[in-house]
Structure formats: structure tokens, C-alpha cells
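Examining the three-dimensional arrangement
Each chain is listed here by its residues.
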Amino acid sequence: MNIAVITGASSGMGKEFTTRLITENDARIGAPYDEIWIIARSEDKLISLQKALSPERIRVIPLDLTLPGSLSSLEELLSEKKPDIRLLINCAGMGRSGAFAEQSKEETHAAIALNCDALSSLTNICLPYMTGHEGPKERSATIINIASSAGFLPQPDFAVYAATKSYVISFSRAIAEELKGKGISVTCVCPGPVDTDFIKASKNDPNATFTGIKGKFVTSVDKLIPASLKAAKKGRKMLVFGISQKALHVASKLLPTSWILFFEK
Ligand SMILES: NC(=O)c1ccc[n+]([C@@H]2O[C@H](COP(=O)([O-])OP(=O)(O)OC[C@H]3O[C@@H](n4cnc5c(N)ncnc54)[C@H](OP(=O)(O)O)[C@@H]3O)[C@@H](O)[C@H]2O)c1
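Quick summary incoming for the structure in this document. Note that this is a predicted model, so its numbers are computed, not measured. (Residues numbered from 1 in each chain as written. Predicted model: local features only at pLDDT ≥ 70, side-chain atom pairs only at ≥ 80, totals over all residues. Heavy atoms only, no water.)

The helix and strand inventory of the chain stands at 10 helices and 7 strands. A compact globule built from 265 residues would reach a C-alpha radius of gyration of about 18 Å, and the chain, at 18 Å, matches this within 12%. Within the chain, the proportion of its 265 residues that are buried is 49%. For the chain, the share of sequence-separated contacts (at least 6 apart) that also reach a separation of at least 24 residues comes to 71%. Accessible surface computed for the chain: about 13,100 Å², of which carbon and sulfur atoms make up 55%. Counting 32 positive and 27 negative side-chain charges, the chain places the averaged centre of each group 7 Å from the other. (Helix = DSSP H or I, 4+ residues; strand = E, 2+ residues; numbered from the N terminus. Rg over C-alpha atoms; globule rule 2.2 N^0.38 Å. Buried < 20%, exposed > 50% of the residue type's maximum accessible area, 1.4 Å probe, protein only. Contact = heavy atoms within 4.5 Å. Areas by Shrake-Rupley, 256 points an atom, 1.4 Å probe, with all protein chains shown as cover. Lys, Arg positive; Asp, Glu negative; His and termini not counted. Charge placed at Lys NZ, Arg CZ, Asp CG, Glu CD.)

Printed below as a string of C-alpha cells:
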């Protein structure tokens, strides 16, 4: 059984990935998926998505990925079904904005647990199921990790989140090299601000929107997700989405960090 596994599927980018993979044949990467396994905490939202898209092909897996041992039920399911995982999309992510000193240790832990620990552990448990080959040149599986342009350099008032996304970029680039000869490609997606519930959750305010310079560069999932799938199909290791984020990426490599932090301020 060929499957895709998508975390963070209850809203924003993960929901858009799921929708496109089910409704658009050309969104698929490689062989057809018999099932798409979708993961998030909000079981009601996952079930609504399943009902709206495909009750037969979508399997709902409600999990809080920040809890210790949260992946054991998934490990058991994998061991029982022994699927061929063709696509893993690590999309679940969160971050609290504001001064680090004003954040609780629980908030700090949750961001690191979800953005770093869960992403790596899930990759870890999925990899043994990503080895089915159709031929020596055939790519057997794809991993898409959603990082952020916040990971290019430190971000005051978003310190933990930016640091976790640096981890995602570094981890993705490293395992992409390790897995190159095994027919598994890894694409790390680095968007700037995207119009989802993310900013509301990060500011703990249902009406929050991106403001200031970030507000000028907000993109939509309609643009980002097809571009991400296209990059993954081509086996690209990194997608920095949008001209403004590409410029930031280049600047982060060429300019001293202190200069960029000064301009950010
Ligand atoms: N939007 C942006 O501006 C932006 C920019 C760059 C990168 N990103 C990254 O893009 C990814 C997707 O974010 P988004 O913009 O689509 O935001 P979103 O709409 O808030 O989606 C976040 C997803 O993560 C899930 N999630 C949060 N906490 C979880 C937990 N403890 N366990 C399991 N799932 C959890 C949420 O589901 P539940 O609440 O149901 O658990 C939701 O499905 C994240 O990694 C984010 O860091 C976002």
C-alpha cells in the first residue's frame, strides 16, 4: 500500500497539501497514494477534511506531537500495515512571538518539541518504510520539510521559533545528502509570511495579521503549495519561496548578521 503522511493537516499549508494531493492528479509525486494519513491535534477538523475529500483514502490520526510517546501509536500502525511511504510532509509547526524573557518554559519546550523533535522523530520512524524501489533509477520516496525564512538568521522577538527553523534547514540539508544514494529526496521549503492561522496562534490573538515589513510580503497557500510540490518533484533540496525571501537568503549569507539585525530593528 502506497501512502503519504502529512502532519499539520488540520489547517493552513498541511490542509492545502492534503487537498491538492487528493483532488489533483498532477499534484502527486511518483506512484498514486492508496491512502493519505493526516496528523494534527484537532480531530474534528481532520474528520471534516476526510469527509469533504475522501473518506476511503484519508486516514485520520489525531496526535499531539509535543507529548512524549505521542508517536508510539503511529509506530504500531506502521508496523501493522507495513505501508510503502512515498511521501512524508513534516508541516506541523508553531512558535510564540514576543520577547523570550516573557515566554514560559512550557511554550519554549512546545516549540522545540514540535518543530525539531517531532519532525526528526517522525522522519526516523518513517524512513524504514520509505525503501520500496520500482527500479534502480526510480525515486522511491520524498520528504518535504517545512522550515521558514526565519531560519536564515536569528530573529529577536521570535528567537526560539527562528532557532528551530535553522535546525529544520540544517537537518534537512544533511539528511538529503545521506539519503541521496537511496532514492529518497528531501526538499526543505522556506517561505516568508503566509496567510494561514499561524500568525494568530503565534500571537495568541484570533485577529492577528502580519504587520510592518512582513505584512508587505505575505503570500498564500494557493501559490506556495503548488511550488513546493513542483520543487519536490524535481528533487530540489531547497525552495526559498518569493523574491523577497530569496533576497533575505542571499543577504544572510553575504552580510554580517549584526548588520541584518540592525536593519531588522
Ligand atoms: N504561516 C506562515 O507565515 C509560515 C511561514 C513560514 C513557515 N511556516 C511554517 O509552516 C508550517 C505550517 O504552518 P501554517 O502556516 O500552515 O500554520 P497553521 O495553519 O497554524 O498550521 C499549523 C498546523 O500544525 C498543527 N499543530 C500545531 N501544534 C501541534 C501539535 N502539538 N501536535 C500536532 N500538530 C500540531 C496544527 O494543528 P492542530 O492545531 O489541530 O494541532 C496545524 O494543522 C509550520 O511548520 C510553520 O512553522 C509558516
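The next thing to look at is the sheet that holds strand β5 (residues 141–146). Spatial strand order, β3-β2-β1-β4-β5-β6-β7: 7 strands in an open sheet with parallel pairing. A strand with exactly one partner marks an edge of an open sheet, and here the two such strands are β3 (58–62) and β7 (238–240). Recorded for the sheet is a direction-independent mean angle of 15 degrees between the axes of neighbouring strands. Across 5 bridges, the pairing between strand β2 (residues 35–40) and β3 is parallel. Its bridge partner lying in β3, Ala40 is registered against Pro62. (Pairing = 2+ DSSP bridges. Axes fitted to C-alpha atoms, helices over the stretch in contact; angles between N-to-C directions.)

Between helix α1 (residues 12–23) and helix α8 (residues 221–233), whose axes approach to 10 Å, the crossing angle comes to 60 degrees. By the angle between their axes, α1 is oblique relative to α8. Along this stretch, α1 crosses α8, giving a crossing that reads as right-handed. Between α1 and α8, the residues in contact are Gly12, Met13, Glu16, Phe17, Arg20 and Leu21 and Val221, Asp222, Leu224, Ile225, Pro226, Ser228 and Leu229, respectively. (Parallel < 35°, antiparallel > 145°, perpendicular 65-115°, else oblique. Left-handed = near helix turned anticlockwise from the far one by under 90°.)

What follows is about empty space enclosed by the protein. In total, this model carries 1 cavity of 30 Å³ or more according to the counting rule given. Each pocket or cavity is described by its volume, and for the largest cavity that value is around 50 Å³. Thr7, Leu65, Asn90, Cys91, Ala92, Leu114, Ala118, Leu119 and Leu122 together form the lining of the largest cavity. Counting residues per element, the lining of the largest cavity draws most heavily on helix α4 (residues 105–126), which supplies 4 residues. Of the residues contributing to the lining of the largest cavity, the split by class is 7 nonpolar, 2 polar and no charged. (1 Å grid on protein atoms, 1.4 Å probe; cavity = no way out; pocket = protein on both sides within 12 Å on 5 of 7 lines; lining within 4 Å. Points joined across faces, edges and corners; volume = space filled by probe spheres on them. Nonpolar A, V, L, I, M, F, W, Y, C, P; charged D, E, K, R; others polar.)

Here the focus is the packing of aromatic side chains. How two aromatic rings sit relative to each other is set out by the distance from centre to centre and by the angle between their planes. Scanning all chains against the criterion turns up 5 aromatic pairs. Ring centres 6.3 Å apart and planes at 45 degrees place the aromatic pair Phe158 and Phe198 in the tilted group. Taken together, the residues Phe158 in the loop between β5 and α5 (159–179) and Phe198 in helix α6 (residues 198–203) connect sequence positions 40 residues apart. (Phe/Tyr/Trp six-rings, centres within 6.5 Å; stacked < 30°, edge-to-face > 60°.)

This part is about the pattern of salt bridges. For the structure shown, the criterion picks out 10 salt bridges. With its nearest N and O atoms 3.3 Å apart, the salt bridge here joins Lys105 to Glu106. Among the salt bridges present, the one from Glu177 reaches Lys180, with a minimum N-O distance of 2.9 Å. Taking the relative accessible area as the measure of exposure, Lys180 reaches 51% and is therefore exposed. Each of Glu16, Arg20, Glu24 and Asp222 takes part in one network of salt bridges that share partners. (Salt bridge = Lys/Arg side-chain N within 4 Å of Asp/Glu carboxyl O.)

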